[in-house]
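# Observations on chain architecture
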Amino acid sequence: MFGNLDFDVIRRSLPYLFLDGMSFTLMLTGLSALGGLVFGTLIALMRLSSYKLLGRIAGLYVDFMRSLPLVLVIFWFYFLVPYIGQWLTGASRPIRVGAFTSSLVTFIMFEAAYFSEIMRAGIQSISRGQPAAASALGLTYAQSMRYIVLPQAFRNMLPVLLTQTIVLFQDTSLVYVLSIPDFLGAASKVAQRDGRLVEMYLFAAAVYFVISCLASWGVRRLQARIAIVR
Amino acid sequence: MNYNWNWHIFFEPNPTGAGTYLDLLVSGLWLTIKTALLAWIIALIFGTIIGILRSLPSKAASWISFCYVEFFRNMPLLVQLFLWFFVLPELLPRTAGLWLKQLPNAPFWTAAIGVGLFMSARVAVQLAAGIASLPRGQKQAATALGLTTTQGYRYVLLPMAFRIIMPPLTSEFLNTVKNTSVAITIGLIELTGQARAMQEFSFQVFEAFTAATIMYLAINIIVVTGMRFLERSLAIPGYITGK
């Protein structure tokens, strides 16, 4: 069964797989998670604001993003980002955007919808007395969010946010549809060049599996620790 | 924006020679629905089995279900589809592998089974949570009435648990619909694939993607509305959602 397999191809392509592929994947995951968290928190604040219109707009955005498949959103932004860039910079023609920038914008906008739901739950889990006490102390809305509500919401939701980041880490593999060399894309390039699909895809699967397993084990431990503090 | 909008493109003949571009997209929509439904049936069957195993007191059963769930949850769906599509036929004995490779509609079956198994791990977790949320008395009452474990699950625990987890199952079904689009990578030309094909043939990128977007939104609205009615009629009296 494994007789005519050549696992040496993995060893030969290790530097390319990890230095190029995995670093792209991890960079994309990290920056998207950060950007998604920032935008997601803003969207959550909009949804919970007392201005009904803001809440409606944010709600529509979240529902819209969550009902589309990520693959379609990746295609959308791939074609849309050059035009957005043209509009922002006032250039005369659609600007050229690199693969990394394009996928980064996609994942930030897409994940913001998911992170915002988590942050909304986190903010709603803070008892009403806290912002009330903050405003009694004379803190403005911005101050009470900045110093009282958001730090606690973030801490309570940390395990869920990290779990979502693991999902995001797996989802970044979908940039494959744009032929971008992330980790899976790099593995697939080597696989097709050398005709070693079985070896490379098994290896890619194993790497994703080990990283995700370790990460979710870490999240479970963190959750247990946080649970004791509360 | 110097982009030439042309909304009439949908009624122009497509290059395959059969019908208009709109027909192309609608055929993609049907393939998405067909794949998603088959995947959902698979997800429900395997998810139920694994979910029950997860809720049993036996150590071995919970270990099996733990491994199953971790296996399918810790790999990207795309990688799983590649494993089923490219790797599995090579690892099987020669004749079986050849038969698999020559299967007509291979992308369709691979997508339905791959997405189905991927989603089954999620269904299992939801079902186990649903069973765990039932008061302990339910299981004890079933035993006291003389029901065997199988009968207890069949007549008491599962009907209750499934009705409780209806809302999360709705969103898992919608995830199944969305996840079928990943099968574009193994050559399944479903809705997203057809939109992409239309973009390549006609260069009307944004019209094609807008149409696909509207179709996905329509699926969402129909499923959510339908499930809301179903949830209301199946709600358990006495629970918060019940009458």
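All values derive from a computational prediction rather than experimental measurement.

Conventions adopted
- Residues numbered from 1 in each chain as written.
- Chains lettered and ligands numbered in written order.
- Predicted model: local features only at pLDDT ≥ 70, side-chain atom pairs only at ≥ 80, totals over all residues.
- Helix = DSSP H or I, 4+ residues; strand = E, 2+ residues; numbered from the N terminus.
- Buried ≥ 20, exposed ≤ 12 C-beta atoms within 10 Å, placed from the backbone.
- Contact = placed C-beta atoms within 7 Å.
- Expected span 1.5 Å × (residues − 1).
- Bend = angle between axes of the 7 residues up to and from the residue.
- UniProt positions renumbered as here; feature names shortened; annotations may be inferred.
- Core = buried A, V, L, I, M, F, W, Y, C linked by C-beta atoms within 7 Å.

With that settled, consider the overall build of chain A. A count of helices and strands for chain A gives 8 helices and 0 strands. Secondary structure elements of chain A, listed N to C terminal, follow the sequence α-α-α-α-α-α-α-α. Seen through its principal axes, chain A has C-alpha atoms that stretch 75 × 55 × 25 Å. A buried classification covers 38% of the 230 residues belonging to chain A. In chain A, the proportion of contacts linking residues at least 24 apart, taken out of those at least 6 apart, comes to 73%.

To continue, consider helix H3 (residues 70–89) of chain A. Between the first and last C-alpha of H3(A) there are 27 Å, a value that for 20 residues agrees with the 28 Å anticipated at 1.5 Å per step. Where H3(A) bends most, the angle comes to about 40°, and this point is Leu80(A), followed within four residues by the proline Pro82(A). If you check which residues of H3(A) are buried, you get Leu70(A), Val71(A), Leu72(A), Val73(A), Ile74(A), Phe75(A), Trp76(A), Phe77(A), Tyr78(A) and Val81(A). On its buried face, H3(A) is in contact with helix H4 (99–124) and helix H6 (141–171) of chain A together with helix H9 (191–202) and helix H10 (205–234) of chain B. Phi turns positive, to about 75°, at Gly90(A), one or two residues after H3(A).

Time to look at the UniProt feature "domain: ABC transmembrane type-1" (unreviewed entry) in chain B. The UniProt feature table records "domain: ABC transmembrane type-1" (unreviewed entry) at residues 29–227 of chain B. What you have in residues 29–227 of chain B is 84% helix and 0% strand, and the ends, taken at the C-alpha atoms, are 20 Å apart.

On to the UniProt feature "transmembrane region" (unreviewed entry) in chain B, then. Residues given the UniProt feature "transmembrane region" (unreviewed entry) here are residues 29–53, 65–88, 108–131 and 208–230 of chain B. End C-alpha atoms of residues 65–88 of chain B are separated by 22 Å, and the span's content is 88% helix alongside 0% strand.

Once that is clear, we can look at the UniProt feature "domain: ABC transmembrane type-1" (unreviewed entry) in chain A. The sites that UniProt annotates as "domain: ABC transmembrane type-1" (unreviewed entry) are residues 22–215 of chain A. The span residues 22–215 of chain A is 81% helical and 0% strand by assignment, and the distance between its end C-alpha atoms comes to 15 Å.

Our focus in this paragraph is the environment of Asn156(A). All names here are of chain A. As for its position among the elements, Asn 156 is in helix H6. In this structure the C-alpha to C-alpha distance between Asn 156 and Ala 58, which are 98 residues apart in sequence, comes to 23 Å. Apart from the residues lying within four places of it in its own chain, the contact partners of Asn 156 are Gly 122 and Ser 125.

It is worth spelling out the nonpolar core at this point. Core analysis: the biggest nonpolar cluster contains 116 residues, and Ile74(A), Ala187(A), Ala204(A) and Ala212(B) have the highest contact counts within it. Setting aside residues up to four positions removed in sequence, Ala204(A) forms contacts with Phe183(A), Leu184(A), Ala187(A) and Val79(B).

Turning to unusual backbone geometry, a few remarks are in order. Residues and elements named next belong to chain B. Of note in the backbone geometry, Asn 105 takes a positive phi value of approximately 60° without being a glycine. Mapped onto the elements of the fold, Asn 105 is located in the loop between helix H4 (94–101) and helix H5 (106–133). A positive phi angle, near 65°, is found at Phe 203, a position not held by glycine. Here Phe 203 lies in the loop between H9 and H10. The exposure class assigned to Phe 203 is partly exposed, which follows from the 13 C-beta atoms found within 10 Å.

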